[in-house]
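# Analysis of the macromolecular model
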Amino acid sequence: ILAEELDGDGDMWYKILYGDNFENTGYAYNTRVSIVYDYAFDEDFETNLQNFPQSYHAALRALHEKHPNWKFMAHDINMSFNEAVEAQYGVDDIKNSRKWVELNYGSDNWKDARGYNEQNGNYVTLEARWTYASRAGIEYFMDPRNSLNEDKIFVFMLQAYNEEMYNKNDLKSVVKNTFLEKGYDKNGDGILETDAYLDDIVLAAQGSGVSPYVLAATIIIEQGVLGQSNIISGKYTDFEGYYNFFNFSASGNTVEEITESALTYAKQNNWNSRTAAIVGGAQKYADGYISVGQDTYYYKDFNVVNKVWWHQYASTLYDAWTNGKVLRKAFADEKGEAIANKDAAIEFRI
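Values in this document were obtained by computation on a predicted structure and should not be read as measured data. (Residues numbered from 1 in each chain as written. Predicted model: local features only at pLDDT ≥ 70, side-chain atom pairs only at ≥ 80, totals over all residues. Heavy atoms only, no water.)

All right, on to the packing of helix α7 (residues 196–208) against helix α10 (residues 274–288) then. Where α7 contacts α10, the axes come no closer than 9 Å and their chain directions differ by 35°. Here the hand of the crossing between α7 and α10 comes out right-handed. On α10, the residues that touch Tyr-197, Asp-200, Ile-201, Leu-203, Ala-204, Gly-207 and Ser-208 of α7 are Arg-274, Thr-275, Ile-278, Val-279, Ala-282, Gln-283 and Ala-286. (Axes fitted to C-alpha atoms, helices over the stretch in contact; angles between N-to-C directions. Helix = DSSP H or I, 4+ residues; strand = E, 2+ residues; numbered from the N terminus. Left-handed = near helix turned anticlockwise from the far one by under 90°. Contact = heavy atoms within 4.5 Å.)

As structure tokens, this is what we get:
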């Protein structure tokens, strides 16, 4: 492997030499490559490793070799994997299923066959573009071993705010090429403040105790790279001046229903500015999830901690992976950019 490079979609590829004598140059998709590191025995790490099932060991050793400061904590939730999957799947009734996939996501293997209508050839549609996830899909995304690599491990990162780990330039790397990077006219004087969103996010982090990287990543996933949703436009009829950056209480079968339910919640909470919405939303996030032990993306989406299945942040099957991929930007060295947090002592609860 010569280098890591991103394609136009933001996916990682390895630039490689290959062939009998490594005479050829090409590219390999990172998920299709298994990297074997020369592992130096670390007694303390090996002692901690015994807290994990044997099938976790090889992947965790590879991560430790590359990131010796990362800390992996085994968390026994006293629940079988089958029980955890069934709680998400809705065994008795498909309507009790907790996980959805987009209708255009991959093959039909990800979709619940119970929701397929043979007469019209369609799957049951939820909120315009979703359908229920298959049991196999739920098993795949719930299996922690499928996230024990450098690209996915951030689903297990503890999300509390660590001031020593915070670096403004690294926060900028998270929001790069998104609407958060551009800022907004914070004072209403016609002057664009490019750091306005960053300042709001840091203020929210300090007040809520949630990592600013996590807050930024969550907003980007909820509002999209361009941030063009009416939920944060401040211009939606009858809800002018209200914002909901974390999409709290956003539900419905149409765009209008989803927008109005989210903005009704914003109005009830007096989120009448971008700052108020980000700070207030971060506090809701902390109170609703971090404070009750759902302090990783995995636990937010699969509440095996408290076993209160309705209390999960997102129905999207792959939500934790999507968020983790954005969060990774604060701690990865991509495109040769210097990242202060590359060697940070990050804590992962698995």
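With that settled, the discussion passes to the packing of helix α3 (residues 81–89) against helix α4 (residues 135–142). Relative to each other, α3 and α4 sit at 125°, their axes nearing to 10 Å. Here α3 lies oblique to α4, going by the angle between them. For the pair α3 and α4, the crossing hand works out as right-handed. Residues Phe-81, Asn-82, Ala-84, Val-85, Glu-86, Gln-88 and Tyr-89 of α3 form the contact with α4, whose own contacting residues are Arg-135, Ile-138, Glu-139 and Met-142. (Parallel < 35°, antiparallel > 145°, perpendicular 65-115°, else oblique.)

The biggest cluster of nonpolar side chains holds 92 residues, and the ones touching the most others in it are Leu-60, Phe-72, Ile-153, Phe-245, Phe-331, Phe-348 and Ile-350. Discounting chain neighbours no more than four positions away, the residues touching Leu-60 are Phe-45, Leu-49, Phe-52, Phe-72, Leu-148 and Ile-350. (Core = buried A, V, L, I, M, F, W, Y, C linked by side-chain atoms within 4.5 Å. Buried < 20%, exposed > 50% of the residue type's maximum accessible area, 1.4 Å probe, protein only.)

Across all of its chains, the model carries 35 aromatic pairs by this definition. Between Trp-70 and Phe-154 the ring centres are 5.7 Å apart and the planes differ by 80°, which places this aromatic pair in the edge-to-face class. Taken as a pair, Trp-70 in the loop between α2 (57–66) and β4 (71–73) and Phe-154 in the loop between α4 and α5 (168–175) lie far apart in primary sequence, 84 residues in all. On the basis of relative accessible area, Trp-70 is assigned to the buried category, the value being 4%. For Phe-154, a relative accessible area of 1% puts it in the buried group. Here the aromatic rings of Trp-110 and Tyr-140 are separated by 5.8 Å at their centres, their planes lie at 70°, and the arrangement is edge-to-face. Pair noted here: Trp-110 is in the loop between β5 (100–102) and β6 (116–117) and Tyr-140 is in helix α4, with a separation of 30 residues, a long-range link. An aromatic cluster is defined as three or more aromatic residues linked by ring pairs; in this entry it consists of Phe-45, Trp-70, Phe-72, Phe-154, Tyr-166, Tyr-213, Phe-331 and Phe-348. Note that Arg-274 overlies the ring of Tyr-184, its terminal NZ or CZ placed 4.8 Å from the centroid. (Phe/Tyr/Trp six-rings, centres within 6.5 Å; stacked < 30°, edge-to-face > 60°. Lys NZ or Arg CZ within 6 Å of the ring centre and 35° of its normal.)

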